[in-house]
Amino acid sequence: MANYDVFNGDADGVISLVQLRLNEPKQSYLITGVKRDIALLQQVRADHGDDITVLDISMEKNADALTEVLDMGAYVTYIDHHRAGHIPHHSSLKAHINLDANMCTALIVDELIEGKYHAWAIAAAYGDNLVAKADELANQAGYTNEQMAFLKELGTLVNYNGYGSSINDLHFHPADLYQALVKYESPFELQNDSSSVYHALRAAYQNDFDQLDEITPLVSNHTLGAFVLPNEPWARRVIGVFSNDLANEMPHRAHAVCRDNGDGTYTVSLRAPLNNKQGAGDVCAMFPTGGGRAAAGGVNALPEHQLDEFMRCVERYYAS
Ligand SMILES: [Mn+2]
């Protein structure tokens, strides 16, 4: 019987697994990918009695694979905060789903293991851009401003590593990043260890972000800020964190960050205004290959001729 840990390659997925495996070490096959790659459960070739943990990927988007592994006789623990769709009633499935907009998978895990690796959970919440919630939890836990700033930076860096079109774009394979992080019972230990992955990520991040200085906005008004980034690895990596930064800096307006795919289409990442976290997924779903959550949505391949139309839809939606 084999163990499988299936997890999103972003901060929330990686750090959820860090918490779980610090709490309960297990030899497992690690199945993960870039942040956008959420069809992960279908990669598991399950046998009867296998144990599968699934973290931070929509159950709705993995519904067929879930049915398949349950039918094979595997046990599944499913922890997530994305759209679940229909949750099957099955004696081998334990589902911990919480769709609260101020929850993330690492915070669900934190509750399940009774806050045992709470600092890790807070770092993940920062990484998932739940900044106010993470601040609140860090204050409650009695962390200093310096500790809070570090957890925020670490979460942001781990999240940043998940962005790219393919694994080749990433500085670290998310499975390797998980292995590097799970060595530390407390995230604060990474700061003092000059050979830690934190310091490597920090340098890489800085290098990528220096390139943003050359970019001018496509749209910039009270309702919307929109940017187009080139089809280069650094741009594929910075796009998500750049979007989060914009949202945090200007919480009253929506932000669309578009990346040139080099084939006449754009990958669009849309954030609802932080002060009005709604509709992003709905607006994106009006376009083929689009979808997402209330606070954040995306279109995987928006044709160039629809770029203006998309921006007008977003402006109309949030203009009132
Ligand atoms: Mn998440």
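Residues numbered from 1 in each chain as written. Predicted model: local features only at pLDDT ≥ 70, side-chain atom pairs only at ≥ 80, totals over all residues.

### Focus: the pairing of strand S7 (residues 224–229)
Consideration 1: Among the 6 residues in S7, 5 count as buried, and that is most of the element.
Consideration 2: As defined by bridge partners, strand S6 (residues 219–220) adjoins S7 across 2 bridges and the pair is classed as antiparallel. Paired with Val219 across the strands is Ala226, a residue of S7.
Consideration 3: Here S6 folds back onto S7, and the loop between the two strands holds 3 residues.
Consideration 4: A crossover connection joins S7 to the parallel strand S8 (residues 254–260) through helix H10 (residues 233–249); in handedness this β-α-β unit is right-handed. (Buried ≥ 20, exposed ≤ 12 C-beta atoms within 10 Å, placed from the backbone. Helix = DSSP H or I, 4+ residues; strand = E, 2+ residues; numbered from the N terminus. Pairing = 2+ DSSP bridges. Right-handed = clockwise from strand over helix to strand, strands pointing away.)

### A word on the pairing of strand S3 (residues 51–55)
Consideration 1: Most of S3 is tucked away: 4 of the 5 residues are buried.
Consideration 2: Relative to S3, strand S1 (residues 3–7) is paired through 5 bridges, and the arrangement is parallel. From the neighbouring strand, Phe7 faces S3, where its bridge partner is Leu55.
Consideration 3: The pairing of S3 with strand S4 (residues 75–80) spans 5 bridges and is parallel. Bridging across to S4, Ile52 finds its partner in Val76.
Consideration 4: Between the parallel pair S3 and S4, the chain is carried across by helix H2 (residues 63–71), and the sense of this crossover is right-handed.

### Let's talk about the packing of helix H1 (residues 11–23) against helix H7 (residues 174–181)
Consideration 1: Taken N-terminus to C-terminus, the directions of H1 and H7 make an angle of 40°; their axes are 10 Å apart at the nearest point. Overall, the two elements H1 and H7 adopt an arrangement that is oblique. Between H1 and H7 lies a crossing of right-handed hand. Residues Val14, Leu17 and Val18 of H1 form the contact with H7, whose own contacting residues are Pro174, Leu177, Tyr178 and Leu181.
Consideration 2: Taken together, the residues that form the contact of H1 with H7 break down as 7 nonpolar, no polar and no charged. (Axes fitted to C-alpha atoms, helices over the stretch in contact; angles between N-to-C directions. Parallel < 35°, antiparallel > 145°, perpendicular 65-115°, else oblique. Left-handed = near helix turned anticlockwise from the far one by under 90°. Contact = placed C-beta atoms within 7 Å. Nonpolar A, V, L, I, M, F, W, Y, C, P; charged D, E, K, R; others polar.)

### A short note on helix H9 (residues 197–209)
Consideration 1: For H9, with 13 residues, the first-to-last C-alpha span of 18 Å sits near the 18 Å given by 1.5 Å per residue.
Consideration 2: Buried residues along H9 sit against helix H6 (145–161), H7, helix H8 (188–192) and H10. (Expected span 1.5 Å × (residues − 1).)

### A look at the nonpolar core
Consideration 1: If you look at the biggest cluster of nonpolar residues, it comprises 92 residues, and the most contacted ones within it are Val14, Ile52, Ile122 and Ala125.
Consideration 2: The dominant element in this core, judged by the number of residues it contributes, is helix H4 (residues 118–127), at 8 residues.
Consideration 3: Of the domains in this structure, domain 1 (3–203) and domain 2 (215–318) are the two that each give at least three residues to this core.
Consideration 4: Look past the residues within four positions of Val14 in its chain and what remains in contact with it is Phe7, Gly9, Val158, Pro174, Leu177, Tyr178 and Leu181. (Core = buried A, V, L, I, M, F, W, Y, C linked by C-beta atoms within 7 Å. Domains from an automatic or database assignment.)

### Focus: unusual backbone geometry
Consideration 1: In this model, Glu114 sits at a positive phi of 55°, which is unusual for a non-glycine residue.
Consideration 2: Structurally, Glu114 is set in the loop between helix H3 (105–112) and H4.
Consideration 3: Overall, the presence of 8 C-beta atoms within 10 Å leaves Glu114 in the exposed class.
Consideration 4: Phi at Asn129 takes a positive value of approximately 65°, unusual for a residue other than glycine.
Consideration 5: Tracing the sequence through the fold places Asn129 in the loop between H4 and helix H5 (131–141).

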